[in-house]
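So the chains spell out like this:
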Amino acid sequence: MNILLSILFVLFPPENKIKINNPWMRPSSEKMATALYFVIENQSEKADTLFQVDSDLAEKVEIHETYSEGDMMGMRKVDFVVIGGKSLFELKPGAHHIMLMKLKKNINDGDKGEFVLHFKQAGEIKITAMAKK
Amino acid sequence: MTKIFSILLTITFLLSISCKEKLPLDKDLTKKSYNLIDQDNNEVVFPEIIKGHIIVMGFIYTHCPDICPMTTHNMYLIEKELKNEGITNVKFVALSFDPDRDTPDVLKKFAEVRELDFKSWTLLTGEKTTVNDLLKRFDVKAIKTDESIDEDGNSEYSMMHTDRISLVDENSILRKNYKGSTINIEEIVKDIKILED
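The paragraphs below set out a description of the structure included in this document.

About the criteria used
Residues numbered from 1 in each chain as written. Chains lettered and ligands numbered in written order. Predicted model: local features only at pLDDT ≥ 70, side-chain atom pairs only at ≥ 80, totals over all residues. Pairing = 2+ DSSP bridges. Helix = DSSP H or I, 4+ residues; strand = E, 2+ residues; numbered from the N terminus. Contact = placed C-beta atoms within 7 Å. Axes fitted to C-alpha atoms, helices over the stretch in contact; angles between N-to-C directions. Nonpolar A, V, L, I, M, F, W, Y, C, P; charged D, E, K, R; others polar.

### As for the sheet that holds strand β2 (residues 34–38) of chain B
Backbone hydrogen bonds are what pair the strands of a sheet, in a parallel or an antiparallel way.
Residue and element names in this part refer to chain B.
Right, so step 1: Sheet architecture is open: eight strands sit in the order β1-β10-β9-β4-β5-β6-β2-β3, paired in mixed fashion. Each edge of the sheet is formed by a strand with only one pairing partner; in this case those strands are β1 (27–28) and β3 (43–46).
Right, so step 2: Of the strand pairs in this sheet, strand β4 (residues 54–60) and strand β9 (residues 165–168) are connected by four bridges, and their pairing is antiparallel. If you follow Gly58 over to β9, its bridge partner there is Ile165.
Right, so step 3: Docked against the sheet, helix α2 (residues 67–84) engages β4, β5 (90–96) and β9, running at close to 165° with respect to β4.
Right, so step 4: Most of the contacts of helix α4 (residues 128–137) go to β2, to which it runs at about 110°, and overall it touches β2, β3, β5 and β6 (121–125).

### Considering the interface of chain A and chain B
Accessible area lost upon the coming together of the parts serves often as the stated size of an interface.
Right, so step 1: Contacts between the two partners involve 23 residues from chain A, matched on the other side by 23 residues from chain B.
Right, so step 2: Secondary-structure elements contributing two or more residues to the side of chain A that touches chain B are β2 (34–42), β5 (72–77) and β8 (96–103) of chain A.
Right, so step 3: Here the side of chain A that touches chain B gets five residues from one element, more than from any other, and that element is β5(A).
Right, so step 4: Here the residues of the side of chain A that touches chain B sort into nine nonpolar, nine polar and five charged.
Right, so step 5: Summarising the sheet, β5(A) and strand β8 (residues 155–162) of chain B pair through two bridges and their orientation is antiparallel. Across the sheet, residue A:Met73 finds its bridge partner in β8(B), namely B:His161.

Okay, here's the thing in C-alpha cells:
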C-alpha cells in the first residue's frame, strides 16, 4: 500500500497550495543584518503556518515583526505567522519580515539568495530572492 | 501707489507667516558643540561640519534590518529627487545611536553597500555620552532591547528608537522633524525648496 502511495505521489505530486510572490531582500554587509520580504498566498481553504526559515546567507534566521509605541519603533522575534485560508500575508518593510543576522558575506544590489520556508501544512518551499535597494 | 505698496507688503508678510507654519521648528543647534567621528575616522565637530548647508539628518543603527534601512533609503530617494530638481546645496548626515557597535569602519561598509555618495553623505559616531547628548538635542530616544550574549561572548541586542529624519537649515537651525521610515519625499523636497528661497 505504501509503495503504491509513493508511486502515486511521484506520478501525481500534490499541487502546492502556498505560493510565494515577490521575494526580495535589502543589500547589507558581512556580519551585519538584513531583512527578507515576500507575499504568502494561501490558495487552500485551510490556514497554514510559517514557522521556520533557513538560509546559508546568515548565521541566524528568525521571523520578526516591527512594532511601534508612540514615535518609537522596535522589533521583536515571533515564533510563527499564520496565513488564513484563501488569503494573503505580506512580509513587508515596517511590518513582519525575515531577519537575517550575522551575514556570512556582503549582499549587494542584484545579488541572489536561496531560502527554505517551512510550513506546517505545505512543508518545505524553496525560494530565491534578489537584493534591491 | 501707497495703497498698492501696503497690499504687497501685507501679502509678503502673510506668505512669510505661511512658510513658518510649514516649517514649525526653530531650534538653534549652534549653542553647543559635539566632538564626533566620521566614517573615515576623522574627528569632526557638530554642528560646524554642517554649517552653510541644508542638512537632511537621519538617526540609525546599522544592525537594524528594517526601519533604519528604510530611513536610509528614504534619504537616498530624497537626494535623488533633489538632484532631478537641480538642488545641490543639501548634505546628508546619518548619526548612529549605537556607537558601541557602529565604529567608523562599520558605518563606512554600511554606506558602501548602499552605494551612498560620500561627497554628500557623512555618517557619524562617537563617544556614547556625546552621542546621547546630541540625540537629546534632537529629542531622539534609543534604548537596547532583547539583550543577550552570543557564543563568542559578544553582546547581541536590538534597539527601540525614535523613527526620525530631521531637516536643518543653512544656519544650523532644526526646522522640521519627519517619521524617517515613512517620510513623504515630496513634502520634504517642498520644505527644502522653502529653505532655499
